[in-house]
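# Understanding the architecture of this molecule
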Amino acid sequence: MKTNSIFHVEGLSYSYRLGEETIEALQSIETSIPSGRLVCLSGPSGSGKSTLLNLFGLLDKPKSGKLFFKGQDVNRLSEKEKEKARLFDLGFIFQSFNLFPTLTAEENVEYFLHRQGLSKLKRRERVDEALKMVGIEGQKKKFPHQMSGGQRQRVAIARALAKKPSVILADEPTASLDQANGKQVIQILKEGCRQFGLSAIVASHDGMVLESADDNIRLRDGKIDRT
Amino acid sequence: MIFSTIAFGAAALLLFRGINHGILSDYREMSIHSRYGHGTLFKKGYHGTETKENAWKGWFKNADEILPHLTQSGLLQDSFPRLGLSGLIGNGTVSLSGLGMGVKGVREAAFFDRLKIIEGHPLDGSRGNIFIGKGLAQALNVKLGQSLSFLTTTVDGSVNMMSFVLVGVFETGVKAVDDVSFKVELEDAQVLLDTQAIESVAVALKPGVEWEDLKASLWEKNDVEFFSFEELDQINYVNGVRWLKGQSRIFELIILVIILLGIFNAVTVSVAERCYEFSVARANGEKKVDILRLLFTEMSLLGAGSAICGVILVVMVSRTFLANGIAMPPAPGMTLGSQITVSYFPNDILTITALCLITLFISAVLGVVRVLHVPIAKGVQLS
């Protein structure tokens, strides 16, 4: 296992049943994700990008093989330890933003900081810093329905960044955005990697993401096609 | 959606109960203020076998035997000595059997204000006047100011007759009563029966005084029997109330089931719609127990807030649109309709709020348990 890896994968497989059929979503994956870099998981639809991202996010359990997160075998983590890792070490960005509709932009960003047990003052600092970094500090009192798609995605990034995680996992973050907004989102993630030393793993079809990423893992039919 | 379902549901239930309380309360008032007062006192043995043929043996010898004791109790608003009469009442061409009552006209007119005056006026203390039921007046085909004669037997069996002037026609609302009954002044009745006795004393209690309080205060008067208006008005009041309660219980159950199913449906749909929200929270490390706690807090505030709004809505409706009451048709066996007011009690408000909250919590728990079983990875894709 490489010591500077945030994730290390050995013979990882994942399958699920769809009716009578068993789908082999991932087969014997071997790879490492280095710290502090923007990594793109690319590949056609159904290649296993989202499944691998869910396993990295500790949202699913591998069926076989080993997945190490910060050197720890995730199969040995209890549910409580996984919850703690998701709260402190992992940040999520989704294609459809998944903001809480009844909370303002700043409340959305602050929500999980409250769960992290931070003081009100600390939370305010983190929220302001994250919103400034994504360039929407002027929109913080707005509700999601009052914002454009690009602005909503930036709030989602700010929410992930404010947690100060080790890794940000983004599933098709530019799919619902136009080219200009998509580019800005990736630039913000790159800046996050540079400024905070975090890793960002982005599952995407988007050629622009592929070009901007530091590393690329290409998947095809549940196997690594090219690294 | 949940808010309006609970608010309107609680309001509907409360209004339904309020209207039922209003109807029952109106029945009670009707019975008390048209015929019986809060109850009637008889001499002990009045209802015994010995008095079947010689009824006067079960009467109070005179008013002083009982009235001073009632006055001393301090529990009465008023008391109404009465003397029953039966015999033939005629207009010169037609004679019918009638059941009369000798009463203190002025005092009775003040308290028995639910007696509907069809024409004329009630007895006013003047001797020689008669006040008769609507059905009896129609059967005799008499008009105000006409003379009526009443033939009866005195307590010692002699025949006696007296002429009266018709001063008014009343309607109690009970046809069987209105077809045979009439009222004359107590003194006239005593002359007709050749006695100083009184048969019974109807009483009006002061506000807040219970029938049992009166019985307790006269405990040393062991030659008196007490009959509350419920005991005297079995057929119309007690049976009517039983019938109405039975019917309203069925309707209330139907309304309750519809409302509770509505709440259940609204809550489970709302929780299911928030599956992605809970999944996002769980993806970011939120514990299941935290989500349950959040939902319970939300549901408590929502449930209490909406139930309070429902209650306020009913209070507002009953004080504006329904301030003058609701006109109701006559109940079965009655001839008079009434204007009922919506009456609600703290117990109803608490029971209905509790029912709504319990349903809310049960549906929230069932909904959230289902949602928390959805894998996080699947849940976050549901937005």
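Before reading on, note that the structure itself is shown above.
Residues numbered from 1 in each chain as written. Chains lettered and ligands numbered in written order. Predicted model: local features only at pLDDT ≥ 70, side-chain atom pairs only at ≥ 80, totals over all residues. Heavy atoms only, no water.

The biggest cluster of nonpolar side chains holds 68 residues, and the ones touching the most others in it are A:Phe7, A:Phe56, A:Leu169 and A:Ile201. Those residues in contact with A:Phe7 that sit more than four places away from it in its chain are A:Thr31, A:Ser32, A:Ile33, A:Phe56, A:Leu67, A:Phe68, A:Phe69, A:Leu90, A:Val167, A:Leu169 and A:Ile201. In this structure, B:Trp59, B:Leu67, B:Leu136 and B:Ile198 belong to the second largest nonpolar core, which totals 43 residues. (Core = buried A, V, L, I, M, F, W, Y, C linked by side-chain atoms within 4.5 Å. Buried < 20%, exposed > 50% of the residue type's maximum accessible area, 1.4 Å probe, protein only. Contact = heavy atoms within 4.5 Å.)

It is worth spelling out the side chain of B:Glu185 at this point. Residues and elements named next belong to chain B. Within the element layout of this structure, Glu 185 appears in strand E8 (residues 181-185). Reaching out from Glu 185, the side chain makes a polar contact with the backbone nitrogen of Gly 125 at a distance of 2.8 Å. Aside from chain neighbours lying at most four places away, what touches Glu 185 is Gly 102, Val 103, Lys 104, Gly 105, Leu 123, Asp 124, Gly 125, Ser 126 and Asn 129. (Helix = DSSP H or I, 4+ residues; strand = E, 2+ residues; numbered from the N terminus. Polar contact = N/O pair within 3.5 Å; in protein donor to acceptor, adjacent residues only side chain to side chain.)

Residue and element names in this part refer to chain A. Using the criterion set out here, one finds 4 cavities of 30 Å³ or more in the structure. Approximately 40 Å³ is the volume attributed to the second largest cavity. Lining the second largest cavity are Arg 126, Glu 129, Ala 130, Met 133, Leu 161, Ala 162, Lys 164 and Phe 196. Secondary-structure elements contributing two or more residues to the lining of the second largest cavity are helix H4 (120-133) and helix H5 (149-162). Ranked by residues supplied to the lining of the second largest cavity, first place goes to H4 with 4 residues. Residue composition of the lining of the second largest cavity, by class: 5 nonpolar, no polar and 3 charged. (1 Å grid on protein atoms, 1.4 Å probe; cavity = no way out; pocket = protein on both sides within 12 Å on 5 of 7 lines; lining within 4 Å. Points joined across faces, edges and corners; volume = space filled by probe spheres on them. Nonpolar A, V, L, I, M, F, W, Y, C, P; charged D, E, K, R; others polar.)

Take the sheet that holds strand E5 (residues 72-73) of chain A next. All names here are of chain A. The antiparallel open sheet is built from 4 strands, whose spatial order is E2-E1-E4-E5. Since the sheet does not close on itself, it has two edges, and those belong to strand E2 (21-34) and E5, each with one partner. Two elements, strand E4 (residues 64-69) and E5, share 2 bridges in a ladder whose sense is antiparallel. Among the inter-strand pairings, Phe 68 is bridged to a residue of E5, identified as Asp 73. Strands strand E1 (5-18), E2 and E4 of the sheet are contacted by helix H1 (residues 49-56), whose axis makes an angle of about 120° with E1. (Pairing = 2+ DSSP bridges. Axes fitted to C-alpha atoms, helices over the stretch in contact; angles between N-to-C directions.)

Attention now moves to the layout of surface pockets. Residue and element names in this part refer to chain B. Taken as a whole, the largest pocket spans an internal volume of roughly 1,000 Å³. Lining of the largest pocket is provided by 34 residues; of these, Gly 84, Leu 85, Gly 100, Met 101 and Glu 199 occupy positions nearest its centre. For the lining of the largest pocket, the secondary structure elements donating two or more residues are helix H1 (2-36), strand E1 (39-43), strand E2 (76-90), strand E3 (95-103), strand E6 (147-153) and E8. Sorting elements by how many residues they give to the lining of the largest pocket places E2 first, with 4 residues. The residue inventory of the lining of the largest pocket, partitioned by class, reads 18 nonpolar, 11 polar and 5 charged. Taken as a whole, the second largest pocket encloses approximately 520 Å³ of empty space. Surrounding the second largest pocket, 19 residues form its lining, Asn 20, His 21, Leu 24, Lys 245 and Ser 248 being those nearest its centre. Those elements giving two or more residues to the lining of the second largest pocket turn out to be H1 and helix H9 (234-273). A per-element tally of the lining of the second largest pocket places H9 first, with 9 residues. Residue composition of the lining of the second largest pocket, grouped by class: 7 nonpolar, 5 polar and 7 charged.

Our next topic: a nonpolar patch on the surface. Residue and element names in this part refer to chain B. On the surface, Leu 88, Leu 151, Val 159 and Met 161 cluster together into a nonpolar patch covering about 370 Å² of accessible area. Tracing the chain through its elements places Leu 151 in strand E6. The partly exposed category is assigned to Leu 151, whose relative accessible area is 34%. (Patch = residues over 30% accessible without salt bridge, like charges linked within 9 Å, V, L, I, M, F, W, Y side chains within 5 Å. Areas by Shrake-Rupley, 256 points an atom, 1.4 Å probe, with all protein chains shown as cover. Salt bridge = Lys/Arg side-chain N within 4 Å of Asp/Glu carboxyl O.)

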